[in-house]
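The chain contents come next:
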Amino acid sequence: EIMKEFLRHYYDKSTSVPGELLLSHMPAEKELLTRWLKKKRNNKGIRMKVPMRGEKKALLELVKKNAFLHARHEQEEIQQTESSLQELGKMLGLVSSPVRIEGYDISHLAGEDTVGSMVVFLHGRPAKDEYRRFKIRTAPPGDDYAALAEVLCRRLRNETLPLPSLILLDGGRGQLSAGHAVLKETGHGELPVLALAEEHEHIFLPGQKAPLVLPAVSPALKLLQQVRDEAHRFAITLSRDLAVKRSLSSFLQGVPGIGKVRRKALLEHFSDLDTMMNASLEEIKAVHNMNGPSAERLHKELQRRKNIYGK
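What counts, and at which threshold
Throughout, a residue's number is its position along its own chain's written sequence, starting from 1. With pLDDT at 70 or above as the cut-off, local features in this predicted model cover only qualifying residues; side-chain atom pairs require 80 or more to be listed or tallied, and sums for whole chains, interfaces and linings still use all residues. Calculated side-chain values reflect all of the structure's heavy atoms, with hydrogen atoms and water omitted. Note on definitions: salt bridges are taken to be side-chain nitrogens of Lys or Arg within 4 Å of carboxyl oxygens of Asp or Glu. Strands are runs of DSSP state E lasting at least two residues, helices are runs of H or I lasting at least four, and both sets are numbered from the N terminus onward. Only protein chains enter the calculation, and the probe is 1.4 Å; a residue is then buried if its accessible area is under 20% of its type maximum, exposed if over 50%, and partly exposed in between. One less than the number of residues in a helix, times 1.5 Å, gives the span that helix is expected to have. In what follows, residue pairs with any heavy atoms lying within 4.5 Å of each other are defined as contacts. Think of the arc as the fan of directions from the helix axis to the C-beta atoms. An axis is simply a line fitted to the C-alpha atoms; with a helix, the fit covers only the stretch in contact. Between two such axes, the angle follows the N-to-C directions and lies from 0 to 180 degrees. Roughly parallel means an angle under 35 degrees; roughly antiparallel means over 145; roughly perpendicular covers 65 to 115; every other angle is labelled oblique. Three classes are used, and their members are as follows: Ala, Val, Leu, Ile, Met, Phe, Trp, Tyr, Cys and Pro are nonpolar, Asp, Glu, Lys and Arg are charged, and the others, Gly among them, are polar.

S.K.: Outline the pattern of salt bridges, listing residues and values.
M.R.: Applying the stated criterion across every chain yields a total of 16 salt bridges. Arg100 is the salt-bridge partner of Glu130, the closest N and O atoms lying 3.4 Å from each other. Of this pair, Glu130 sits in the loop between β5 (125-126) and β6 (132-135) while Arg100 sits in strand β3 (residues 100-109); the two residues are 30 residues apart in sequence, bridging distant segments of the chain. With its nearest N and O atoms 2.7 Å apart, the salt bridge here joins Arg228 to Asp229. Assessed through its relative accessible area of 2%, Arg228 is described here as buried. A single network of salt bridges, built from pairs that share partners, joins Glu1, Lys4, Glu5, Arg8 and Glu29.

S.K.: Could you give an account of helix α3 (residues 54-92), with specific residues and numbers?
M.R.: In an α-helix there are 3.6 residues to a turn, and that puts residues three or four apart on one side. Spanning 39 residues, α3 covers 58 Å between terminal C-alpha atoms, matching the ideal 57 Å at 1.5 Å per step. Remark: Gly93 follows α3 within two positions and exhibits a positive phi of approximately 70 degrees.

S.K.: Lay out the environment of Pro219 with the relevant residues and their values.
M.R.: Topologically, Pro219 is positioned in helix α6 (residues 219-253). Residue classification places Pro219 among the partly exposed positions, given a relative accessible area of 24%. Residues Pro219 and Ile136, spaced 83 residues apart in sequence, show a C-alpha to C-alpha distance of 33 Å. Residues in contact with Pro219, not counting those within four places in the same chain, are Ser83, Ser84 and Glu87.

S.K.: How would you summarise helix α1 (residues 2-13) if you had to cite specific residues and measurements?
M.R.: Compared with an ideal rise of 1.5 Å per residue, which puts twelve residues at 16 Å, α1 spans 17 Å between its outermost C-alpha atoms and is within 8% of the ideal. Three or more residues of α1 are buried, namely Met3, Lys4, Leu7 and Tyr11. The buried residues of α1 all sit within an arc of 100 degrees when viewed along its axis, so they share a single face. Across α1 from its buried face, at more than 90 degrees, point the exposed residues Ile2, His9, Asp12 and Lys13. On its buried face, α1 sits against β1 (20-22) and α2 (30-40).

S.K.: Report on the environment of Leu196, specifying residues and quantitative values.
M.R.: Here Leu196 is to be found in strand β8 (residues 193-197). Overall, the relative accessible area of 0% leaves Leu196 in the buried class. Each C-alpha atom of the pair Leu196 and Asp170 lies 5.5 Å from the other, and the pair is 26 residues apart in sequence. Beyond its immediate stretch of four places on either side in the chain, Leu196 contacts Leu169, Asp170, Gly171, Glu201, His202, Ile203, Leu221, Leu224, Gln225 and Arg228.

S.K.: I'd like to hear about the packing of α1 against α2, residue by residue, with values.
M.R.: Two numbers describe a pair of packed helices, the interaxial angle and the distance between the axes. Close contact between α1 and α2 brings their axes to 11 Å; oriented N to C, the two are set at 10 degrees. When the interaxial angle is binned, α1 and α2 end up roughly parallel. Contact residues: Lys4, Leu7, Arg8, Tyr11 and Asp12 in α1; Leu33, Trp36, Leu37 and Lys40 in α2. Class assignment of the residues belonging to the contact of α1 with α2 gives a composition of five nonpolar, no polar and four charged.

Quick look at the structure:
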């Protein structure tokens, strides 16, 4: 029964079905299952086999061993994560382990293209569908504290998202003060918040003058580092993307016939300058709102730049 349900579930979503299935157990309702699989193979034949000896038997045993090791590894990871969450909850004096941890970071390149990131860990694991990135609108360039305050304000105004069990800020005492002030101003002063400084891995908590220092092997510290590093990576990715777009936009402004509308269409179509330089004239002409003369001028300028920089 288990084998039958597994095969039905797996091959219902699979785009291809092989002609031979090597199984540890023959499934229930084999004939019915075979007819169903045959239809998914465009009426081509299919054979199920439980190998008893030889190379195929050895292959099946290897698969079973790998599956067991993978399952054991996953179970160990789950137990370690639960241990990390329990330690973290006790350390912060929480009623229960934090289910939803949100990590925040601010990134910019020389004060420009400032962005904020929010990553979410549910039950100690990344929930990437919940991630958010923020283009900074009001904070002055280079003011990380103001940028962090803006990000937290905008996030807490979003009532469609559940409130976090714990907020982690990438930084030190300054980031903690800015973040805690926003929580109190928005009526969320009760939310647990901390800051993790990368230099010495010190943990800063509201109302405590001395930072908390955990052993390097602490499961709680490792989880906090994972959240912090993920928030940092996520923020840097967007900041770099914006810098690339800005550089590409600056180049396009110098090409005759490329106005605001065409510039926007080109930025949406091409990911970066290198991709545009390697595009053919026909590809450039195919971009929305482009005409022949403008595409030819742009292609000529791109080829000139390519010859100069050797890309």
